[in-house]
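So the chains spell out like this:
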Amino acid sequence: QVQLVESGGGLVQPGGSLRLSCEVSGRMFSIDSMAWYRQAPGKQREFIAVITNSYSTNYAASVKGRFTISRDNAKNTVYLQMNNLKPEDTAVYYCNSQLRYWGQGTQVTVSS
């Protein structure tokens, strides 16, 4: 049974930071490509960042330079460090494994 359990979302002021975590169980995590997506109300789900099993990364232009994806294979966990947050970053953030498995989503709200 593959499960992705996310944590770290919440309310933050513009310019602030949050770190999202996603712990994966039921798979050989070290070989998986992991990604973060987000979806704002009434909008399509949007790709944010990906990290491969060889630690290569790629980012959406909207977050490049502000967000950092990383992984800790010993903890079966992928992270998304979000800095200099903007109101337009407000969305439900989803963890994804192998373009197949999804977390439940965690709300990030950026507001003053």
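The shown structure was predicted, so the numbers you read here are calculated from the model rather than taken from an experiment.

Each value, and the rule that gives it
Residues numbered from 1 in each chain as written. Predicted model: local features only at pLDDT ≥ 70, side-chain atom pairs only at ≥ 80, totals over all residues. Heavy atoms only, no water. Buried < 20%, exposed > 50% of the residue type's maximum accessible area, 1.4 Å probe, protein only. Helix = DSSP H or I, 4+ residues; strand = E, 2+ residues; numbered from the N terminus. Pairing = 2+ DSSP bridges. Phe/Tyr/Trp six-rings, centres within 6.5 Å; stacked < 30°, edge-to-face > 60°. Lys NZ or Arg CZ within 6 Å of the ring centre and 35° of its normal. Core = buried A, V, L, I, M, F, W, Y, C linked by side-chain atoms within 4.5 Å. Contact = heavy atoms within 4.5 Å.

Colleague: I keep staring at the pairing of strand β1 (residues 3–7) and nothing clicks. Help me out?
Modeller: It is a general feature of regular strands that their side chains alternate between the two faces of the sheet. The side-chain alternation of β1 yields one buried face, formed by L4 and E6, and one unburied face, formed by Q3, V5 and S7. Two elements, β1 and strand β3 (residues 18–25), share five bridges in a ladder whose sense is antiparallel. In the strand pairing of β3, V5 is matched with E23.

Colleague: Which parts of the structure should I look at to understand the packing of aromatic side chains?
Modeller: Given two aromatic rings, their pairing is described by the distance between the two centres and the angle made by the two planes. Under the definition given, this model contains three aromatic pairs. Ring geometry for Y37 versus F47: centroids 5.6 Å apart, planes at 75°, classification edge-to-face. One end of the pair, Y37, is in strand β4 (residues 34–39); the other, F47, is in strand β5 (residues 46–51), and ten residues separate them in sequence. When its relative accessible area of 27% is taken as the criterion, F47 is described as partly exposed. Arranged with centres 6.4 Å apart and planes meeting at 85°, the rings of Y94 and W102 form a pair that is edge-to-face. When its relative accessible area of 14% is taken as the criterion, Y94 is described as buried. Among the residues examined, W102 registers a relative accessible area of 37% and is labelled partly exposed. Connected via pairs of aromatic rings, a cluster forms that spans Y37, F47, Y94 and W102. Lying across the ring of W102, R45 places its NZ or CZ 4.6 Å from the centre. The aromatic ring of F29 is capped on one face by R71, whose charged end is 4.5 Å from the ring centroid.

Colleague: Could you clarify how one ought to interpret unusual backbone geometry in this entry?
Modeller: Note: most peptide bonds trans; most residues except glycine with negative phi. Its identity as a non-glycine residue notwithstanding, Y55 has a phi of 75°, on the positive side. Its location among the elements puts Y55 in the loop between β5 and β6 (57–59). Of note, the phi angle at N84 is positive, near 50°, even though the residue is not glycine. Mapped onto the fold, N84 is located in the loop between β8 (77–82) and β9 (91–97). Of the residues examined, N84 reaches a relative accessible area of 40% and is grouped as partly exposed.

Colleague: Quick question: what am I supposed to make of the nonpolar core here?
Modeller: Within soluble globular proteins, side chains that are nonpolar tend to cluster in buried spots. Counting 26 residues, the largest nonpolar core has W36, V78, L80, M82 and Y93 as the members making the most contacts within it. The set of elements that each furnish at least two residues to this core consists of β3, β4, β5, β7 (67–72), β8, β9 and β11 (106–110). Sort the elements by how many residues they give to this core and β3 lands first, with four residues. Setting aside residues no more than four positions away along its own chain, V78 makes contact with L20, S21, C22, F29, M34, W36, I51, I69, S70, R71 and C95.

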